[in-house]
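Descriptive analysis of the structure
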Amino acid sequence: MSSTPTIGRGPAGLGDRRRMLRSSREHPAWFLIPALAVLVVFFFVPTAFNFIYAFTDWSSFKSSIGFVGFDNIVALLGNGSLLGDLRITLVYAVLVAIFQNLFGLILALVLERDTRINRIARVAFFVPVVMSALAVGYIFQALLKPTGALNGIIGAVVGHPVSIAWLGSTSWTIVVVALIHAWKWMGLSMLIYLAGLKTISEDVVEAARLDGAGWWSSFRLIRFPLLAPAITFNVATALLGSMNGFDIVQATTQGGPGGTTELLNIFIFRTFGQGLFAQATTMSLSLFLMVAILAFPVIRFLRKREDVL
Amino acid sequence: MSSSSPTARLRRPLRTVQPIVAILLVVGLLGVPFWMVVVTAGKSLRQSLTPDLTLPTHWQLWQNIVTVLDQGRMLPALLGSLLVMVPSVVGVLLLGSMASWILARRRSRAMAAVYALAISGIVLPPAVVTIVLLLRQIGLAGTPLGMIGVYMGMYMSTVIFFVTGFVRTIPVELEEAARVDGAGPVKVFFRIILPLLGPTLATATILICLYIWNDVFYALFVVGGRLDTLPLNLYQVASSGLYLQNWNLIFAYIILMSLPLLITFMVMQRRIISGITSGAVK
């Protein structure tokens, strides 16, 4: 690419050309090729296929693949699963982002000082991050059974047996699974908030204290705004990461009850298993577009907030 | 000096309350679930049908672990996990570092565009259904090699992002010195650049190992039913057949499967934590 002649670009072209020749000798472009080949074959080509096969009748029931236009989208819109699952995925992602950041921030503030107990507690809260999300899902499936340990504890506190179906509510179970997701990842948010708190200089906080600011007002007015970079990172990763969620919901509710926790990836997995490959592809394309459309505004919005402060 | 201000008076009780709050949080949020896992993993089948927090009447944790290892096909699954994880991580780090070196050093508009495209995979979700179709077309469907390629494609962006940022902090003069001695690009990369990438590559290794070791979603599509990995095996045994509702065996399996990463994390926690946080807060 850099060896193409640049004659006729005017006097500046000569110097540029010499520099480019030198840089192409010292940092040859072929070093890029293996990585780009892997990216193209295993990432970009499948992504491009999404835009093609979402408009076909590809399935396990017939050997040929034919073009059907917008039939898949019309069918998925018609039975309500496209908009329904997009909405559920978005609700799940927003809830996860809120809970994960709230818990992570509270943990960071509680465990901020460098004491022995706090150091041990920080390591302990990172254990769920290291564990498999599927395993976490199974643990909570057992914990949240109507006859499970959580109801047992609540029953002991209130004095009579309770049997709340935590995973059986068509309106609240989405909140419960988002809480589980947040529980698994809150240790990571905590670590990043702790690092963010460390970057705030003692002098600033001390100055506020001398001016009579209490713990809460110095947090709200000074430390919280200065945490903006950590918030940007945590909110963006939690929001965009949980849109791609699967393991925890599959292990706890499998999309139920009544499809009210059916994330896009749960639908994709189920329809793929039924052999309806084109419908699964259409949903995969929807997920891709939703993340792509949301990623850039979300990151830009959070960055802009940083600049204002 | 400010002993009369309200905050100073407030701070002393806070210091005695804080450790209690910390311990309560650990016990309530982590103690309860993990206690249930350990006691249930030590119970008999009859006792573990409804998992609770009571101690087993007699511990049979070891017996359950042997059952899982013996009947749960855990060893083949462990080998399967290693078979896809090790080459994926080595491959993605090596190829990603090579590309990052060039992307960090050459500052043309074309390179900036390639870089933007190369890191786009950090946020964009992989096209999981059509990957299967592609693997069929190139004859890699259901093979470990196909799975390795998919993982490399998924995490290449992350590696390029991390490593490119780091290479930019390495002075070019180090390369120049080697070049004066007649070293070509291959030698410069492997002798000068790659050794300096150590800490960054260590962090990236841990993160990617964590993702691949625990991945079940992409594995279900690409190698499900053909090759066993630990999470795939857990999914199969927990959702159907042998272990359905056998919580003692499910939890014994979970403990065994989590141990390798937990031990690695405990041993290297300082390094892992500083590695993860350094990139996030700037």
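Residues numbered from 1 in each chain as written. Chains lettered and ligands numbered in written order. Predicted model: local features only at pLDDT ≥ 70, side-chain atom pairs only at ≥ 80, totals over all residues.

1. Remarks on the overall build of chain A
A tally of helices and strands in chain A yields 14 helices and zero strands. Along its sequence from the N terminus, chain A presents helices and strands in the succession α-α-α-α-α-α-α-α-α-α-α-α-α-α. In terms of C-alpha radius of gyration, chain A reaches 26 Å, well past the compact-globule figure of 19 Å for 309 residues. Seen through its principal axes, chain A has C-alpha atoms that stretch 85 × 65 × 30 Å. For chain A, buried positions account for 42% of its 309 residues. In chain A, the proportion of contacts linking residues at least 24 apart, taken out of those at least 6 apart, comes to 70%. (Helix = DSSP H or I, 4+ residues; strand = E, 2+ residues; numbered from the N terminus. Rg over C-alpha atoms; globule rule 2.2 N^0.38 Å. Buried ≥ 20, exposed ≤ 12 C-beta atoms within 10 Å, placed from the backbone. Contact = placed C-beta atoms within 7 Å.)

2. Structural notes on the overall build of chain B
Helices and strands together make up the secondary structure of chain B, namely 12 helices and zero strands. Ordering the α and β elements of chain B from the N terminus gives α-α-α-α-α-α-α-α-α-α-α-α. In terms of overall size, chain B is more extended than a compact globule, its C-alpha atoms giving a radius of gyration of 25 Å where 282 residues would be expected to give roughly 19 Å. Sorting the 282 residues of chain B into buried and exposed places 43% on the buried side. Pairs at least 24 residues apart make up 72% of the contacts formed inside chain B by residues separated by at least 6 positions.

3. Concerning the UniProt feature "transmembrane region" (unreviewed entry) in chain B
Mapped onto the present numbering, the UniProt feature "transmembrane region" (unreviewed entry) falls on residues 20–41, 77–102, 114–135, 147–167, 188–213 and 250–268 of chain B. End C-alpha atoms of residues 20–41 of chain B are separated by 29 Å, and the span's content is 100% helix alongside 0% strand. (UniProt positions renumbered as here; feature names shortened; annotations may be inferred.)

4. Thoughts on the domain arrangement of chain A
What the domain assignment reports for chain A is domain 1 (11–45) and domain 2 (79–308). Distance between the C-alpha centres of domain 1 of chain A and domain 2 of chain A: 40 Å. (Domains from an automatic or database assignment.)

5. Some points on the nonpolar core
For soluble globular proteins, nonpolar side chains are generally found buried alongside one another. Within the largest apolar cluster, 165 residues are counted, with the highest numbers of intra-cluster contacts made by Ala99(B), Ile131(B) and Val222(B). Sort the elements by how many residues they give to this core and helix H8 (residues 173–199) of chain A lands first, with 15 residues. Other than its neighbours up to four places away in sequence, Ile131(B) contacts Phe42(A), Pro46(A), Pro126(B), Val150(B), Phe221(B) and Val222(B). (Core = buried A, V, L, I, M, F, W, Y, C linked by C-beta atoms within 7 Å.)

6. Focus: the environment of Pro231(B)
Here Pro231(B) lies in helix H11 (residues 230–239). The spacing of Pro231(B) and Leu196(B) is 35 residues in sequence and 34 Å in space, taken between C-alpha atoms. Beyond its immediate chain neighbours, meaning those up to four positions away, Pro231(B) contacts Ser132(A), Leu134(A), Asn214(B), Asp215(B), Val216(B) and Ala219(B).

7. Re the interface of chain B and chain A
Tallying the contact residues gives 77 residues for chain B and 76 residues for chain A. A breakdown of the residues in the side of chain B that touches chain A according to their chemical character gives 58 nonpolar, 14 polar and five charged. (Nonpolar A, V, L, I, M, F, W, Y, C, P; charged D, E, K, R; others polar.)

8. Some thoughts on the confidence of the model for chain B
When pLDDT drops low, the exact placement of atoms in the prediction is not to be read closely. Residues and elements named next belong to chain B. Residues with a pLDDT of 70 or more make up 92% of chain B, whose mean pLDDT is 86. Contacts for the low-pLDDT stretch residues 1–9, under 50 throughout, to residues beyond four places or in other chains number eight contacts. Reported for the predicted complex are a pTM of 0.88 and an ipTM of 0.88. (pLDDT = per-residue confidence, 0-100.)

9. Some remarks on helix H9 (residues 198–214) of chain B
Every α-helix winds through 3.6 residues per turn, so residues three or four apart in the chain are directed the same way. For H9(B), with 17 residues, the first-to-last C-alpha span of 24 Å sits near the 24 Å given by 1.5 Å per residue. For H9(B), the full list of buried residues reads Thr200(B), Leu201(B), Thr203(B), Ala204(B), Ile206(B), Ile208(B), Ile212(B), Trp213(B) and Asn214(B). (Expected span 1.5 Å × (residues − 1).)

10. Points about the packing of helix H3 (residues 74–105) of chain B against H9(B)
Residues and elements named next belong to chain B. Between H3 and H9, whose axes approach to 10 Å, the crossing angle comes to 145°. Like other packed secondary-structure pairs, H3 and H9 cross with a definite hand, here right-handed. Here Ser81, Val84, Met85, Ser88, Val89, Val92 and Leu93 of H3 come into contact with H9, specifically with Leu201, Ala204, Thr205, Ile208, Cys209, Ile212 and Trp213. Partitioning the contact of H3 with H9 into residue classes produces 11 nonpolar, three polar and no charged. (Axes fitted to C-alpha atoms, helices over the stretch in contact; angles between N-to-C directions. Left-handed = near helix turned anticlockwise from the far one by under 90°.)

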